[in-house]
Amino acid sequence: MGTLAGIEKIREADGIVRIRFDSPDARVNTLTERILMAFQECLEELANEAGIRGILIESGKTANFIAGADVREIQTLSTSLEAETKARLGQKIFSRLAAMPVPVAAVIHGTCLGGGTELILACTYRIASDDPSTRIGLPEVRLGIIPGFGGTQRLPRLVGLRSALDLILTGRELRASAALRIGLVDEVVPVELLPAAARRWIADHPVRRPAGQRPLERLFQRIGPLRSLVISLAERKLREKLKGGDYPAPFRALRILQETYGGDLDQGLRVEARALGELALTPTAKNLMALFDLNSRQRRNPGLPEGGKARPVRRAAVVGAGIMGAGIALAIAGKGAQVRMKDVAVEPLARGLREAHRILASQVRRKRRTRRDLRDRMARIQPTLSYSGFRCIDFVVEAVFEDLELKRRILREIESNVSPECLIATNTSSLPIGEIGRVADHPGRFLGVHFFNPVHRMPLVEIVATDRTDPWAVATAAEMVKEIRKVPIVVRDRPGFLVNRLLMAYLGEALHLLEEGAELTRVDRALERFGMPMGPFRLLDQVGMDVASRVARTLNEAYGRGESAVELLEKLAAAKRFGVKNGKGFYLYQDGKPVPDPEIDQLVRPQGRIRPAGEEICLRTLLPMVNEAARCLEEEVVGRPGDVDLGMILGTGFPPFRGGLLRYADGIGIGKIVSLLEVMASRYGERMAPAELLLEMTRRKKNFFS
Ligand code: NAD
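Small disclaimer: the values here were computed from a predicted structure and weren't measured. (Residues numbered from 1 in each chain as written. Predicted model: local features only at pLDDT ≥ 70, side-chain atom pairs only at ≥ 80, totals over all residues. Heavy atoms only, no water.)

Observations concerning the nonpolar core
Point 1. The biggest cluster of nonpolar side chains holds 186 residues, and the ones touching the most others in it are F39 and F586.
Point 2. The element best represented in this core is helix α26 (residues 614-634), accounting for 11 residues. (Core = buried A, V, L, I, M, F, W, Y, C linked by side-chain atoms within 4.5 Å. Buried < 20%, exposed > 50% of the residue type's maximum accessible area, 1.4 Å probe, protein only. Helix = DSSP H or I, 4+ residues; strand = E, 2+ residues; numbered from the N terminus.)

Things to note about helix α11 (residues 248-260)
Point 1. Over its 13 residues, α11 runs 18 Å from end to end, which matches the ideal 18 Å to within 8%, given 1.5 Å per residue.
Point 2. At the C-terminal side of α11, G262 shows a positive phi close to 90 degrees. (Expected span 1.5 Å × (residues − 1).)

With respect to the domain arrangement of the chain
Point 1. For the chain, the assigned domains read domain 1 (2-281), domain 2 (315-493) and domain 3 (500-637 + 669-700).
Point 2. Between the C-alpha centres of domain 1 and domain 3 the distance comes to 46 Å. (Domains from an automatic or database assignment.)

Brief notes about the pairing of strand β10 (residues 125-129)
Point 1. Of all five residues that make up β10, five are buried, and the element is covered over most of its length.
Point 2. Residues Y125, I127 and S129 of β10 are buried on one face, and the alternating residues R126 and A128, pointing to the opposite face, are buried as well.
Point 3. Note that strand β8 (residues 104-108) and β10 share four bridges and pair parallel. The residue of β10 that forms the bridge with A106 is R126.
Point 4. Of the strand pairs in this sheet, β10 and strand β13 (residues 187-189) are connected by three bridges, and their pairing is parallel. Bridging from a neighbouring strand, S129 pairs with V189 of β13. (Pairing = 2+ DSSP bridges.)

Things to note about the site of the ligand
Point 1. Residues in contact with the ligand amount to 23 residues; listed here are only the nearest, M324, D343, E402, K407 and S429.
Point 2. Between the ligand and I323, the relevant distance is 3.1 Å, taken from an oxygen atom to a main-chain nitrogen or oxygen of the residue.
Point 3. One of the side-chain N or O atoms of S429 is found 2.9 Å from an oxygen atom in the ligand.
Point 4. Burial of the ligand by the protein amounts to 82% of the accessible area it has alone, namely 830 Å².
Point 5. If you list the elements that add at least two residues to the shell around the ligand, you get α14 (323-334), α17 (404-417) and β19 (446-451).
Point 6. Considering each element in turn, the shell around the ligand owes the most residues, three residues, to α17. (Near = heavy atom within 4 Å. Polar contact = N/O pair within 3.5 Å; in protein donor to acceptor, adjacent residues only side chain to side chain. Areas by Shrake-Rupley, 256 points an atom, 1.4 Å probe, with all protein chains shown as cover.)

Describing the packing of aromatic side chains
Point 1. Overall, the coordinates contain 10 aromatic pairs when judged by the stated rule.
Point 2. Pairing Y247 with F657 gives two aromatic rings, centres 5.2 Å apart and planes at 80 degrees, and the pair type is edge-to-face. Linking Y247 in the loop between α10 (224-242) and α11 with F657 in the loop between α27 (641-652) and α28 (661-668), this pair joins segments that are 410 residues apart in sequence.
Point 3. Residue classification places F657 among the buried residues on the basis of a relative accessible area of 8%.
Point 4. Members of the aromatic cluster, joined through ring pairs, are F530, F654 and Y664.
Point 5. We note R658 situated over the ring of F530; from NZ or CZ to the ring centre the distance is 3.9 Å.
Point 6. Note that R663 overlies the ring of F705, its terminal NZ or CZ placed 4.2 Å from the centroid. (Phe/Tyr/Trp six-rings, centres within 6.5 Å; stacked < 30°, edge-to-face > 60°. Lys NZ or Arg CZ within 6 Å of the ring centre and 35° of its normal.)

Thoughts on the environment of E235
Point 1. Relative to the elements of secondary structure, E235 occurs in helix α10.
Point 2. For E235, a relative accessible area of 14% corresponds to the buried category.
Point 3. Between the C-alpha atoms of E235 and R255, which are 20 residues apart in sequence, the distance is 9.8 Å.
Point 4. With residues near it in sequence (within four places) discarded, E235 still touches F251, L254 and R255.
Point 5. Here the side chain of E235 touches R239 through a polar contact of 2.8 Å, side chain to side chain. (Contact = heavy atoms within 4.5 Å.)

A few points about the environment of F220
Point 1. By the secondary structure assignment, F220 is in helix α9 (residues 215-222).
Point 2. For F220, a relative accessible area of 5% puts it in the buried group.
Point 3. In this structure, the C-alpha to C-alpha distance between F220 and V230, residues 10 residues apart in sequence, is 8.4 Å.

Describing a positive patch on the surface
Point 1. Positive charge collects at one region of the surface, where R27, R175, R299, R300 and R485 lie side by side.
Point 2. If you trace the backbone, R175 turns up in strand β12 (residues 173-175). (Patch = residues over 30% accessible without salt bridge, like charges linked within 9 Å, V, L, I, M, F, W, Y side chains within 5 Å. Salt bridge = Lys/Arg side-chain N within 4 Å of Asp/Glu carboxyl O. Lys, Arg positive; Asp, Glu negative; His and termini not counted. Charge placed at Lys NZ, Arg CZ, Asp CG, Glu CD.)

Topic: helix α23 (residues 545-559)
Point 1. Across its 15 residues, α23 extends 20 Å between first and last C-alpha, which sits within 8% of the 21 Å expected from 1.5 Å per residue.
Point 2. For α23, the full list of buried residues reads M545, A548, S549, V551, A552, L555, N556 and Y559. The buried residues of α23 occupy an angular sector of 165 degrees when projected down its axis, which confines them to one face.
Point 3. Against the buried residues of α23 lie α20 (499-516), α22 (536-543) and α24 (563-574).
Point 4. One or two residues past the end of α23 sits G560, with phi positive at roughly 60 degrees. (Arc of directions from axis to C-beta.)

Comments concerning the sheet that holds strand β20 (residues 460-465)
Point 1. With respect to topology, eight strands assemble into an open sheet ordered β16-β15-β14-β17-β18-β19-β20-β21, the strand pairing being mixed. At either end of the open sheet lies a strand with only one pairing partner, and these are β16 (381-384) and β21 (487-492). Sheet twist, expressed as the mean angle between neighbouring strand axes with direction ignored, is 25 degrees.
Point 2. Across the face of the sheet, helix α16 (residues 371-380) comes into contact with β15 (338-342) and β16 while running at roughly 40 degrees to β16. (Axes fitted to C-alpha atoms, helices over the stretch in contact; angles between N-to-C directions.)

Here's the deal with the packing of helix α5 (residues 151-159) against helix α12 (residues 265-279)
Point 1. Across the interface, α5 lies against α12 with an axial gap of 8 Å and an inter-helix angle of 135 degrees. The pairing of α5 with α12 is recorded here as oblique in orientation. Here α5 contributes G151, T152, Q153, R154 and R157 to the contact with α12, which in turn contributes L265, G268, L269 and E272.
Point 2. Partitioned by chemical class, the residues of the contact of α5 with α12 number two nonpolar, four polar and three charged. (Parallel < 35°, antiparallel > 145°, perpendicular 65-115°, else oblique. Nonpolar A, V, L, I, M, F, W, Y, C, P; charged D, E, K, R; others polar.)

Some details on the side chain of T469
Point 1. Mapped onto the elements, T469 comes out in the loop between β20 and α19 (471-483).
Point 2. Within the local environment of T469, its side chain forms a polar contact with the backbone oxygen of F446, the two atoms lying 3.0 Å apart.
Point 3. One polar contact links the side chain of T469 to the main-chain amide nitrogen of T466, over a distance of 2.9 Å.
Point 4. Excluding residues within four positions of it along the chain, T469 makes contact with P443, G444, F446, L447 and V474.

A word on a nonpolar patch on the surface
Point 1. Residues L216, L219 and I223 make up a contiguous nonpolar surface patch of roughly 230 Å² in combined accessible area.
Point 2. Structurally, I223 can be placed in the loop between α9 and α10.

Overview of the packing of α20 against α26
Point 1. The geometry of α20 relative to α26 is characterised by a closest axis approach of 8 Å and an angle of 150 degrees between their N-to-C directions. Relative to α26, the element α20 is oriented roughly antiparallel. In terms of crossing hand, the pair formed by α20 and α26 is right-handed. Taken together, the residues of α26 that come into contact with α20 (itself represented by R501, L502, A505, Y506, E509, A510, H512, L513 and E516) are I617, R620, T621, L622, P624, M625, E628, A629, R631 and C632.
Point 2. Of the residues that constitute the contact of α20 with α26, the class distribution is 11 nonpolar, two polar and six charged. (Left-handed = near helix turned anticlockwise from the far one by under 90°.)

Put into structure tokens, the structure is as follows:
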């Protein structure tokens, strides 16, 4: 037995050697250069040792096999050549692994991603545990790069071109059962049986014919035009999904597979390494890696107040089984907890259950979930019309209609039916949490948890603490949000919290542009080209004019910067132009598709026609968001610029390749932003005047992320 910087080599009496990855002082294993070198050394030693029958590769961590290459090391690379050289090193070591004279089995339990997956691809056999924590994938494109340790070469050889494209282009993670279906792993067993199963594979040492050698695959490998057909179909899907965003990596991966599939492995590896070298230094990769850092930091430290310790949540309840309540109940059931779902009548309860079932069924159809999983989750949601059983609930989320008096009444009802330790949260999107909580007997355990719609797709939750919320309550809510695989950001109880407040600054300015005479399709197109998932008017139609005008009114009452925007939204709502939900908003909707409506001018009454350039439209609408974000930082609505960037990306779909709103602002330069805002303030009104924080940053020559 011996240890080499995070790699342990254990030789068993029966001639099996276990190589155990266990990065010192780290929660997860990553393939740092040091670990890779130690692994190489270990392989060299073993290749020369006599009496070895086989090798098992395993992890010393509880729910992690190998999480991937070390992102920090990639971030420090300063030239393409350096990045390419690093890829070549990893490739060389994994090729050494693939050429070992004895069979090697990977014993996979927990996350196995990126470089971890590339490592198992170079093993003879892959045996995975059936635990839900076991997930296998190549998420590199999500970091703006491609797999660089042989993934683009060995994966298609093993699972075939189409499965490989699916994994490499989307970066999605597979559970063990799905990995087994495509031939990425050889066997799936309960975790306790893993070592025995892996030994059996080594002892039997069967010859496997991978999916990549089936007759159809042979055709893809040999016949270029056939391969091109598969690649161009994948490319079309990709273009639809990425909608013109600046994501070069997946397209580069497509080109690599087009060029190398079926060819010589060494040549393919060289092409892969060169591409990685070029991609690793692009602005998109830098931004996506910064975002990855933010996400990981947020999981470790979501900005909690001092001194709070999370309490366990075993049983939860949701009051109000509408769109949000059903979504929240489903999310909680997904973590394995029982959740009661209460409403006032059978019909809304049944509707809530149907909604939950509809979401799961669509996931089953898309093979994202099994039928059994659907049944288990639905069984954990217990519909009810009364508060019976609420005494043993640890966490209640209220999601009834947006009405202050109703929410106060429900809060009092909940308090009189739960134990004194139970955490109580409201999912209000615009009412002040402190105002609702004023009637609470125990205001310390009351806070806001603002989920976004649709809950099953939106990863962000704003945790809204009032001045009276206890630190343990904030910590418990944040922990709960993490457990349901969402990202918490802690915000202060100010109108609009963080995300809606910033979004309204942007939407409000788009409405001003419309009144000045810009065409709405022109505005939408400019912002979609910038990378927003949809332009501001399509977004307003999605939200609905009733909801949007109410939120805008609340924000205008609080901050007084958007009276004319509120009036315009109210005018549309009064004209029953609610948006997508009744087929008529800023656009008309025909078969769900937006078409411009010439009548909109009569409502808006533009001052004339203007044709601002795309860049001007973007600056005009995005800089007010930057300005509002600066005010939020001044008022300590959030503590860190990173909270703003995560909030906007995860809560509104601000384009990830731009790294986030404030990283985008840094890119323009704060001094320049201040000048632009000053000019715009003199033209369009004081609402555009730069925030004090921006002026201060300009004086001190600071950036948000310097
Ligand atoms: P909804 O109208 O779909 O559902 C509200 C549900 O509450 C209904 O099923 C209703 O029967 C139930 N209800 C009413 N009174 C009740 C009572 N006394 N006891 C139990 N149930 C009762 O509304 P929604 O869109 O799910 O919104 C719920 C909350 O979430 C609101 O506060 C809203 O502001 C907030 N929110 C909504 C969105 C969104 O986009 N829909 C996003 C974030 C937050």
